[in-house]
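# Examination of the molecular architecture
These are the residues of each chain, in order.
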Amino acid sequence: MNRVLTRDVSKHIGKKIKVSGWLHKKRKLGGLNFINLRDRGGIVQVLVEDQKEMEKLRGMQIGTVLHIEGKVVKDERAPNGAEIHEPVLQVEVPVTEEPPIEIDKPIDHKPENLDTLFEYRGLSLRNLQEQKVFKIRASLLRYIREYLTKNEFVEIQTPKLLAGATEGGAEVFKLDYFGQEATLAQSPQLYKQMLVGAFERVFEIAPAFRAELSATTRHISEVVMLDIEMGFVKNHDEVLDLVGDLTIFALQQVYEEHADDLKSINAPQLIVSDKVPKFTVEEIHELYSKANKIDTTNEKDLIPDEERWICEYAKKKHGSELVYAIDFPIEAMKFYHKINPDNPKTVLWGDLLFRGLEIATVPLRENNHETLVKQMKKASIDVKHPGYKYFLQAMKFGLPTHGGCGYGIDRLVEKVCGLKNVKEATLFPRDINRLSP
RNA sequence: GGGCUCGUGGUGUAGUUCGGUCUAACACGCCUCCCUGUCACGGAGGAGAUCGCCGGUUCAAAUCCGGUCGGGCCCGCCA
């Protein structure tokens, strides 16, 4: 007999079917017993009246792998209007050990208890509520791919084992590579720029490794980044708008497809407008300083509280939970950024913020070989180092005006699902204290 | 790198302020039994913790002190 998925059971009323899955819940009421069976499609209720059949489940814990044959009966009292009667149970994998955490009820996500959640991650993901986050994550990535592919971006994969650091700034992991020192890529930055010379438009969804000693709710040491790079752009706004439109599209699609899931995990309602509103860093400093009586006008970057504040501001005044901070001061620039020709104290660089958190950086690149070399020397970078040599080679042989983004997928999922810690949006998070599971 | 916090059965917590009736309580889970419409089922009973670890103070330590290990949060930095 062919297997029927639990979500399709109600289509077989009156027929005998077979379902396979995991024992999810036992409710014994004496002569009448209910068990729930979980498979990839959800849950089905099985009514077990035969004591001999029920005996097969004595000592069997949640997670026991079962095959059940029985008759589908329509009944208003059953969770989906139908359930399985007169079942014959076959235990494929008996589970006799009590699960260390509960998986049939919502799992506590208090910060101090997240460690337990991750210690038993393989089991906690069997919880239906936990799974929703990762189904939503998968859908987000699907819609992002869909949008970019439609706009003629080529999906690429760049090496993660590198001969040197790709950028300044973030700390990198060092490792032994056949006797030579190698690093783990903290971003595909220079590779994706090189590939603009070949494909014009590229994107990559891949892990990036950050060795920073940051223990906060928004840092993990292995992150999944969406990197986009596009050539022949007219100006910075074109790049900002593409990344903004992409985000609005993916969010709207996911909120439509997963409306029930998002509601059940208490995700906030989505508020977005047609375009992501933009504020210069200077404007944000002024607005924030005025509203909060704290002077941030001398900060080179936004402080975390400003990021939260401007998001609230944009939501109230512009009906958008997405907001751009643009024109960062030159003190914070990286060597490959393009200085703003209209205001040389600033860089053509925007940060995309969502629900109080920086989720992407969206700059324009310096594509003049000579200017770039100057900027690298100013940043004390060895232009002959193998980590930069080939990047400069591509630059020398013609890269058009281009820009793109580094986009934190984990952070996006966190905020979409209304979670409080980026680790909760990651299947197996890596942080300064955790390298397994 | 800096600062602040927490550690009690399998899980989540109470108790720690002010040491003593803590012989450590509650909920969930687990075990046995009862229960014919449960769906966070209900009821009766039961097992399970030397209170992270080491040392100190004291007649007496889950509780106070020191060290150590393991978490969490914030800042810096970043996605």
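Residues numbered from 1 in each chain as written. Chains lettered and ligands numbered in written order. Predicted model: local features only at pLDDT ≥ 70, side-chain atom pairs only at ≥ 80, totals over all residues. Heavy atoms only, no water.

## Focus: unusual backbone geometry
Note the following rule: Secondary structure counts use DSSP, requiring at least four H or I residues in a row for a helix and at least two E residues in a row for a strand, with both numbered from the N terminus. To sort residues, take the accessible area from a 1.4 Å probe on protein chains only and compare it with the maximum for the residue type: under 20% means buried, over 50% means exposed, and anything in between is partly exposed.
Note the cis peptide between S436 and P437, where omega equals 0 degrees. When you line up the elements, P437 lands in the segment after α12 (409–416). You will see that R355, though not glycine, has its phi angle at about 50 degrees, which is positive. For R355, a relative accessible area of 14% corresponds to the buried category. Positive phi outside glycine occurs at S380, with the angle close to 55 degrees. Looking at where S380 falls in the secondary structure, it is placed in the loop between α10 (369–378) and α11 (386–396).

## Quick look at the protein's contact with RNA strand B
We count it as follows: Note on definitions. A residue lies near a molecule or strand when any single heavy atom of the residue is within 4 Å of it. As used in this structure description, the phrase polar contact means that two N or O atoms lie within 3.5 Å; if the pair is within protein, one of them must be able to donate a hydrogen and the other to accept it, and residues adjacent in sequence are counted only when both atoms belong to side chains. Only Asp, Glu, Lys and Arg are considered charged in this grouping, and only Ala, Val, Leu, Ile, Met, Phe, Trp, Tyr, Cys and Pro are considered nonpolar; every other residue, Gly among them, is considered polar.
As a structural note, the neighbourhood of RNA strand B is formed by 53 residues, with R27, E102, L213, R218 and R411 the closest of them. The contact atoms of RNA strand B, taken as those within 4 Å of the protein, divide so that sugar and phosphate hold 60%. Backbone polar atom of P100 to a sugar or linking oxygen of RNA strand B: 2.6 Å apart, as the coordinates give it. Here a sugar or linking oxygen of RNA strand B and a side-chain polar atom of N113 are 2.7 Å apart. Every element with two or more residues in the surface near RNA strand B is listed here: β1 (16–28), β3 (42–48), β5 (82–93), α2 (114–119), β11 (222–231), α9 (304–318) and β15 (357–363). Ranked by residue count, the leading element in the surface near RNA strand B is β15, at four residues. Taken together, the residues of the surface near RNA strand B sort by class into 17 nonpolar, 15 polar and 21 charged.

## Re the pattern of salt bridges
Heads up, the rule is: Salt bridges, as used here, are contacts in which a Lys or Arg side-chain nitrogen is within 4 Å of a carboxyl oxygen on Asp or Glu.
Tallying each qualifying case throughout the model produces 27 salt bridges. With its nearest N and O atoms 2.8 Å apart, the salt bridge here joins R434 to D115. With R434 in the segment after α12 and D115 in helix α2, this residue pair connects regions lying 319 residues apart in the sequence. Given a relative accessible area of 9%, R434 falls into the buried group. When the shortest N-O distance is used, the salt bridge between K338 and E366 registers 3.9 Å. One end of the pair, K338, is in the loop between β13 (322–329) and β14 (346–354); the other, E366, is in the loop between β15 and α10, and 28 residues separate them in sequence. The same class applies to K338 and to E366, which are both buried. Each of K192, D227, E229 and R365 takes part in a single network of salt bridges with overlapping partners.

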